[in-house]
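Residue-level structural notes
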Amino acid sequence: MKLGSKHTTLLVLAVIIIVAPFFFPSSYYFRVGSLIFINGLAVTGIVILTGYAGQVSLGHAGFAGIGAYACALAPVYLGVHPGLALIIGALLSGAIAFLVGRPILRLKGYYLGVASLGFGILVAMLLTNEAQITGGPDGIRVADLGIRGLLREMGFRVKGSELWYVLTGICLLIGAWLALNLHDSPTGRALRALHGSEVAARTVGVDVARLKLQAFVISAVFASVSGSLLALQNRFITPEVAGFLHSVEMVTMAVLGGVGSVLGAIFGAAILTTLPQVLTVFAEYEYAVLGLVMMLVMIFLRDGLLPSLAKLIKGREQ
Amino acid sequence: MKVLASTALAALMAAGPAGPALADIKIGSTLAMTGPASFLGDPEAKTLEMLVEEVNAAGGINGEMIELIQYDDGADPNKARTFAVRLIEDDEVVAIIGGSTTGTTLALMPEVDAAGIPFISLAGSISIIDPVEPYTFKTPHTDRMACQKVFEDMQKRGISKIGMISGTGGFGASMRKQCLEVASDYGIDVIADESYGPKDADMTPQLTNIKATDGIEAVLNPGFGQGPAIVTRNYSQLGIDLPLYQSHGVASQGFIDLAGNEAAEGVRLPGTALLVADILPADDPQTEIVRAYKTAFEQKYEMPVSTFGGYAHDAFRILVAAIEKAGSSDPEAIRDAIEETSGLVGTTGTYTFSADDHLGLDLSAFKMLEINNGGWTLVD
């Protein structure tokens, strides 16, 4: 499950983020890159919740929706800077995750999956139906973060997609660093113990309910920030960001790449973000291909793409 | 396993497929060819494909061939945005047609604006062209115009108190708002205002409420998809003996089939000339163009023509006329030429753009239609 130490993972990520642009023929690739990083950030949260603590959430897009709409609405109604709105959104998501998670996480099994599913759908419905505030299903414009303007005043002219490549890349690195730190901390060990066996963890004195809640809240904040970044980059957001499909997409990315490893999950996000771009020629078969890839990975590479491949290569070396 | 891994890697590396053979004029499109809005995107994409072949076969524009680059955004605004960047930055198109839905259109507008690429949207909402953005145009009439057309007809029939039952989806919600805003201009009072969700299977309770409201003289149902068909069926089951108006969103044969001939009898809705191509009077300016498009489309694809394909038809005609007039494929010149379009007859209506009108249609673009014996008849 482990792909070398914390620092190798961060180093690999940083090198990829820095070196990749040298191979980009146009700024369209920066756009795809930043989408990968945004999805990667959300998926890193899933790694903490599902990979470390072993809990499944099918409603994380709900938190992405809260983060996204915080950036759209807070500058309009509260007059705050969009950057601050991102933090407000993250705090709000954390608080809601705490309130929602508290009763649910005392239950065992698939209750969290089902309850979070309901939560995600509720958020999406709220965003769709409260049209006088949220703009309804047609979406809403998001204020400019102002960094490009600031850079221009300082004499630097950068393209929007390039700037966002850098910003989201930095956010992803910070997110990965936090997740990896958590992995090796006492909390992280307790979470993994909980993943292995809830009963055993409780026996050795782990406060199971509290830890699950912690993991849920942290991953909700990750999802929220990813939603905010998406909204700020696109300068426009629709309720689809909170939709059920987006929740499933997050879990799929994590599971495909390897939900136990941060690097693996980000790799999964990269594949599922680029796949629709690669498959434009046979767009009609996109979902068929996706389904096939998922099934093959589940059957042959159970730890997820990256960890399984790493294991395979290691095995051959020996 | 190894095969899978290497295919995945190869696929990743091939992320940027090499462009096909060089063409002279590149036009891009991002449409919802699949997914929940494919009933819009599919005929639109097919129409563009057909028209590009037609223009190229006739020698192109000013002797230059057109290359059409089409992407399928599945009505996902985020994808549409990405494809817009790809069309502009990677494929280097000179103009974009697309955005089957309002959401995808609004998502990609900042991108075309920043790059200075002319863009013709195929989506309905008035928010696309109000306020006017310099590079964005659109061909479908707005939902506000549909409301006005319906209210105009109600006024003629002496109706002043109506009930509304609207879908809560993007189309229904937006049209409901526009209708409420313009109702008073026509001396119309909305005295009952009900709604239903996009997946509801029975609207009897809402309709019973409307029926029970005192003084109601007609009912209007903004919405599209299956909802309006269910409303129409429930309406007839409840024996409500008042005129029922539907929106242009369901102006297709599919609606009549879904609602049933008997229930749909007498329902009125604003539609385009395309729908009644066969019964249009010969002296109507649109007759010729509408029939030509209908015949060509139905011959090539063996499926009935739809209003939505007509939007793409008009967008393409406007663009081609603009490029011809500009005499160059410089995006800026094309944009200026589109804005100068005047009296161009399309399937949806006659377009005359100006600096502060990027839709260019008036109410005459709509025909008031009535369903009789499972077919369409012209009211005016």
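Residues numbered from 1 in each chain as written. Chains lettered and ligands numbered in written order. Predicted model: local features only at pLDDT ≥ 70, side-chain atom pairs only at ≥ 80, totals over all residues. Heavy atoms only, no water.

So, about the overall build of chain A. Check the secondary structure of chain A and you find 15 helices and two strands. Radius of gyration (C-alpha) of chain A: 19 Å, near the 20 Å computed for a compact globule of 318 residues. For chain A, the C-alpha atoms occupy an extent of roughly 55 × 45 × 40 Å along the three principal directions. Relative to its full complement of 318 residues, chain A shows a buried share of 54%. Counting only contacts in chain A whose residues sit at least 6 apart along the sequence, the fraction spanning at least 24 positions is 79%. On chain A, roughly 14,500 Å² of surface is accessible, and the fraction owed to carbon and sulfur atoms is 69%. Charge-centre separation for chain A: the mean point of 21 positive side chains lies 9 Å from the mean point of 14 negative side chains. (Helix = DSSP H or I, 4+ residues; strand = E, 2+ residues; numbered from the N terminus. Rg over C-alpha atoms; globule rule 2.2 N^0.38 Å. Buried < 20%, exposed > 50% of the residue type's maximum accessible area, 1.4 Å probe, protein only. Contact = heavy atoms within 4.5 Å. Areas by Shrake-Rupley, 256 points an atom, 1.4 Å probe, with all protein chains shown as cover. Lys, Arg positive; Asp, Glu negative; His and termini not counted. Charge placed at Lys NZ, Arg CZ, Asp CG, Glu CD.)

Right, let's get into the UniProt feature "domain: Leucine-binding protein" (unreviewed entry) in chain B. Look at the UniProt record and you will see "domain: Leucine-binding protein" (unreviewed entry) annotated at residues 25-359 of chain B. Helix and strand shares over residues 25-359 of chain B are 45% and 16% respectively, and the end C-alpha atoms of the span are 24 Å apart. (UniProt positions renumbered as here; feature names shortened; annotations may be inferred.)

Before going further, it helps to spend a moment on the environment of A:A61. Residue and element names in this part refer to chain A. On the secondary structure map, A61 appears in helix α3 (residues 60-77). A61 gets classed as buried once you look at its relative accessible area, which sits at 0%. Distance from A61 to L245, taken between C-alpha atoms, is 8.3 Å for residues 184 residues apart in sequence. Not counting residues up to four positions away in its chain, the partners in contact with A61 are V241, A242, G243, H246, S247 and M250.

Residue and element names in this part refer to chain B. In terms of domains, chain B is made up of domain 1 (22-142 + 292-363) and domain 2 (143-275 + 365-378). Between domain 1 and domain 2, the contact holds 20 residues from the first and 20 residues from the second. Of the roughly 1,600 Å² buried between domain 1 and domain 2, counting both surfaces, carbon and sulfur atoms make up 63%. When residues of domain 1 are sorted by the area they lose upon contact with domain 2, H141, T142 and L363 head the list and together hold 42% of the total. Remark: the boundary between domain 1 and domain 2 carries zero salt bridges. Residue contributions to the side of domain 1 that touches domain 2 peak at four residues, all from helix α12 (residues 307-326). Its residues assigned to classes, the side of domain 1 that touches domain 2 comprises nine nonpolar, 10 polar and one charged. (Domains from an automatic or database assignment. Buried area = accessible area lost by both parts, 1.4 Å probe. Salt bridge = Lys/Arg side-chain N within 4 Å of Asp/Glu carboxyl O. Nonpolar A, V, L, I, M, F, W, Y, C, P; charged D, E, K, R; others polar.)

Residues and elements named next belong to chain B. Spatial strand order, β2-β1-β3-β4-β5: five strands in an open sheet with parallel pairing. Two strands in the sheet have a free side with no partner beyond their single neighbour: β2 (66-72) and β5 (136-138). Along the sheet, successive strands turn relative to each other by an average axial angle of 20 degrees, direction set aside. When strand β3 (residues 95-98) meets strand β4 (residues 119-121), the two strands line up parallel, connected through three bridges. Each residue of the ladder has a partner; that of I96, found in β4, is F119. (Pairing = 2+ DSSP bridges. Axes fitted to C-alpha atoms, helices over the stretch in contact; angles between N-to-C directions.)

For the rest of this paragraph, the subject is the UniProt feature "transmembrane region" (unreviewed entry) in chain A. Residue and element names in this part refer to chain A. With numbering aligned to this structure, UniProt lists the feature "transmembrane region" (unreviewed entry) at residues 9-30, 36-54, 84-102, 109-127, 163-180, 213-232, 253-275 and 287-306. With 64% helix and 0% strand, residues 9-30 has its two end C-alpha atoms placed 22 Å apart. Here residues 213-232 runs as 100% helix and 0% strand, with 28 Å between its end C-alpha atoms.

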